[in-house]
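Breakdown of the fold
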Amino acid sequence: MVNLTETQSRKDDHIRICLDEKVQVNQITNGLEKYQFTHVCLPELDYQEIDINTTFLNRQLNTPLLISSMTGGTENAQLINQRLARIAQKYGLPMGIGSGRVIIEKPEIASTFQVRDNAPDIMLLANLGAVQLNYGYNWQECLKLVEILEADALILHFNPLQECIQPEGDTNFKDLLTKIEQVCDKLPIPVIAKEVGNGISVKMAEKLINAGIQAIDVAGMGGTSWAMVESERAKNPLQKELGKTFANWGIPTADCVRDIRQQYSEIPLIASGGIRNGLEVAKMLALGADVVGLAYPFLKTAMTSEEAIEELVKLIIAEIKTVLFCTGNKNINSLKTSQNLTINN
Ligand SMILES: Cc1cc2nc3c(=O)[nH]c(=O)nc-3n(C[C@H](O)[C@H](O)[C@H](O)COP(=O)(O)O)c2cc1C
């Protein structure tokens, strides 16, 4: 694939930097270490009967695990998407695709994002930066993107910090809410609001829900730091330093989930940002998430092989089931209502 556009080469930069550089948040955590499950020595359950099915946006899911939005646009990205999609299909995992702005700019590269051939049955989430609604994109482009990908929902991502540090950042976030309202109103599928690693507060959730957003992915702080990723791509010393200063900026994922769930008992809620194993997935479910997303761990394994992705999924499933067993819960619903998760003293 020759003549990459700026957006395409940015996607390859992101993959390379996430894999090769130190861009994981390193001073603050996802907030989960302060929570602990109470061990149950007599579960009175048969492990074989443990069920980790769940429901999200009226869809039945085999596993409450999401492959978070990452990439598309280049040959490398296509390989990653296809490997992830085949495992998503095999295990019934929902999957997000990377931001599809470049599909509208250059429709001939749509195939690098399209995964339906490999994953005909999964819940597939298209993705676009919300700020693009201020840069020539409107609900018609959103609909086109969803149709090209045959997606079941659209994620609008919010990334103000990343745009500040990105050399070519789009920083006009003015009057976006009414445009978001219009997208929610016109699209025949649910629209999900997502951050990219800095978190969504209750106050922001309230604005978005009132605008018609049907689900929230908090994408909180604790994992991949987009300030650090963009610092690595910086074209001048100021941008480089700016990214470093904000390396640990944001709301820890656990705090976002706990606070939004306390305020909104019904909103479909995805926990993501710094989740690295099935014990953490289970803690997020107990805090009120319906589905839990991982990006970096899936990227890392996808670069190795399909088998590596599958090993990761199997391990996470075993970890979730072990939590259910050792807390005496037969299914996810029971885990959510059991109040087994307590704050450390
Ligand atoms: C290589 C890469 C590309 C990403 N691209 C997107 C994107 O296009 N749209 C989006 O909403 N999030 C994107 N993300 C952010 C992730 O979806 C996620 O919110 C963030 O990385 C935090 O999760 P993690 O700590 O598990 O990596 C990307 C992440 C990675 C690693």
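This is a predicted model, so every value here is computed, not measured. Position numbers for residues count from 1 along each chain, tracking the sequence in the order it is written. Only residues with pLDDT of at least 70 get local features here, since the model is predicted, and only at 80 or more are side-chain atom pairs given and counted; chain-wide, interface and lining totals rely on the full set of residues. Remark: hydrogens and water are excluded; side-chain values derive from all non-hydrogen atoms of the structure.

Remarks on the side chain of N134
Spelled out, the test is: Helix and strand assignments come from DSSP, with helices taken as H or I runs of at least 4 residues and strands as E runs of at least 2, each series counted from the N terminus. N or O atoms closer than or at 3.5 Å make up a polar contact, with two conditions inside protein: a donor-capable atom paired with an acceptor-capable one, and, for residues adjacent in sequence, both atoms drawn from side chains. Two residues qualify as a contact provided that any one of their heavy atoms is within 4.5 Å of a heavy atom in the partner residue.
Residue position: N134 is located in the loop between β6 (124-129) and α4 (139-149). Among the polar contacts listed, one links the side chain of N134 to the backbone oxygen of N172, at a separation of 2.8 Å. In this structure N134 touches N172, F173, K174, L176 and K179, once residues within four positions along its chain are discounted.

As for the site of the ligand
As a reminder, the rule being used: For this description, a residue counts as near a given molecule or strand if any of its non-hydrogen atoms is within 4 Å of it. In this description, accessible areas are obtained by the Shrake-Rupley approach with a 1.4 Å probe, and a residue is regarded as covered only by the protein chains that are shown. Any residue outside Ala, Val, Leu, Ile, Met, Phe, Trp, Tyr, Cys, Pro, Asp, Glu, Lys and Arg is labelled polar, Gly included; the first ten of those are nonpolar and the last four are charged.
As a structural note, the neighbourhood of the ligand is formed by 21 residues, with S69, M70, S99, T224 and R276 the closest of them. The backbone of M70 places a nitrogen or oxygen atom 2.8 Å from a nitrogen atom of the ligand. Here an oxygen atom of the ligand and a backbone polar atom of A295 are 3.0 Å apart. About the coverage of the ligand: the protein hides 96% of its 610 Å² of free accessible area. Its residues placed into classes, the shell around the ligand shows nine nonpolar, 10 polar and two charged.

With respect to the pairing of strand β7 (residues 153-157)
The cut-off we apply is this: We call a residue buried when its accessible area falls under 20% of the maximum for its residue type, exposed when it is over 50%, and partly exposed in between, using a 1.4 Å probe and counting protein chains only. Think of it this way: DSSP has to see at least two bridges between two strands before they count as a pair.
Counting buried residues along β7, five of its five residues qualify, which places the element largely inside the surrounding structure. Every second residue of β7 is oriented toward a common face, with A153, I155 and H157 on one face and L154 and L156 on the other, all of them buried. Where β6 lies against β7, five bridges are found, and the strand directions are parallel. Bridge assignment links N127 to a residue of β7, and that residue is I155.

Observations concerning the UniProt feature "binding site: substrate" (unreviewed entry) in the chain
In plain terms, the rule: UniProt positions are given in the numbering used here, feature names are shortened, and annotations may be inferred rather than shown by experiment.
Following the UniProt record, the feature "binding site: substrate" (unreviewed entry) maps to R10, K11, S99, G100, R101 and Q162 here. In this structure, R10 sits in helix α1 (residues 6-20). For R10, a relative accessible area of 8% gives the class buried. On the secondary structure map, Q162 appears in helix α5 (residues 160-165). The buried category is assigned to Q162, whose relative accessible area is 6%.

Here we look at the state of the cysteines
Applied cut-off: A pair of cysteine sulfur atoms is labelled a disulfide when the two atoms are within 2.5 Å.
Evaluated as defined, the whole model comprises zero disulfides. Counting only cysteine sulfurs, C164 is the nearest neighbor of C18, a cysteine outside any disulfide, at a range of 19 Å. Its relative accessible area of 8% is what places C18 among the buried residues.

A word on the nonpolar core
Across soluble globular proteins, you tend to see nonpolar side chains buried next to one another. Using the following cut-off: Residues grouped as a nonpolar core are buried Ala, Val, Leu, Ile, Met, Phe, Trp, Tyr and Cys residues, joined through side-chain atoms within 4.5 Å.
Core analysis: the biggest nonpolar cluster contains 98 residues, and M95, L154, L187 and M284 have the highest contact counts within it. The leading source of residues in this core is helix α13 (residues 306-326), at eight residues. Here M95 is in contact with L66, I67, N81, L84, A85, A88, V115, I122, M123, L124 and L125, once residues within four sequence places are set aside. Membership of the second largest hydrophobic core comes to 12 residues, among which are F56, A153, I155 and I270.

Describing the packing of helix α2 (residues 75-91) against helix α12 (residues 296-304)
Packed helix pairs are specified by the crossing angle of their axes together with the interaxial distance, meaning the distance between the axes. Let me state the cut-off plainly: Note on method: axes are straight lines fitted to C-alpha atoms, helices fitted across the in-contact stretch only, with angles between N-to-C directions ranging 0 to 180 degrees. Should an angle lie under 35 degrees it is considered roughly parallel, over 145 roughly antiparallel, and from 65 to 115 roughly perpendicular; all remaining angles are considered oblique.
Two elements in contact, α2 and α12, have axes whose closest approach is 9 Å; the angle formed by their N-to-C orientations is 100°. The angle between the axes of α2 and α12 places the two elements in the roughly perpendicular class. Residues N76, I80, R83 and L84 of α2 lie in contact with α12, whose contacting residues are F298, L299, A302, M303 and T304.

A word on the pairing of strand β8 (residues 191-194)
Note the threshold: For a crossover, the right-handed case is the one in which the path from the first strand over the helix to the second runs clockwise, viewed with the strands pointing away from the viewer.
Burial of the side chains of β8 extends over both faces: V191 and A193 are buried on one face and I192 and K194 on the other. Relative to β8, β7 runs parallel, the two being bridged by four bridges. Bridging from a neighbouring strand, I155 pairs with I192 of β8. In this region the chain leaves β8, passes through helix α7 (residues 202-210) and returns to the parallel neighbour strand β9 (residues 215-217); the handedness of that crossover is right-handed.

A few points about the pattern of salt bridges
We count it as follows: We count a salt bridge whenever a side-chain nitrogen from Lys or Arg sits within 4 Å of a carboxyl oxygen from Asp or Glu.
Across all of its chains, the model carries 18 salt bridges by this definition. The partner of R16 in a salt bridge is D13, and the shortest N-O contact between them spans 3.7 Å. With R16 and D13 both in helix α1 and three residues apart, this pair spans about one turn of that helix. For R16, a relative accessible area of 40% gives the class partly exposed. Measuring nitrogen to oxygen at the nearest pair gives 3.1 Å for the salt bridge that ties D13 to R233. One end of the pair, D13, is in helix α1; the other, R233, is in the loop between α8 (226-232) and α9 (237-245), and 220 residues separate them in sequence. Using a relative accessible area of 24% as the deciding quantity, one classes D13 as partly exposed. Residues joined in a network through salt bridges with shared partners are R10, D13, R16, E168, E230 and R233.

Brief notes about the side chain of D290
Relative to the assigned elements, D290 resides in the loop between α11 (278-287) and β11 (291-294). For D290, a relative accessible area of 13% corresponds to the buried category. At 3.0 Å, the side chain of D290 and the side chain of R261 are in polar contact.

So, α11
With respect to burial, α11 is a largely interior element, nine of its 10 residues being buried. All of the buried residues along α11 are G278, E280, V281, A282, K283, M284, L285, A286 and L287. You can read the cap of α11 off the contacts: a side-chain oxygen lies 3.0 Å from the backbone nitrogen of L279, and it is on N277. Taken from the residues just after α11, G288 is the one with a positive phi, measuring 125°.

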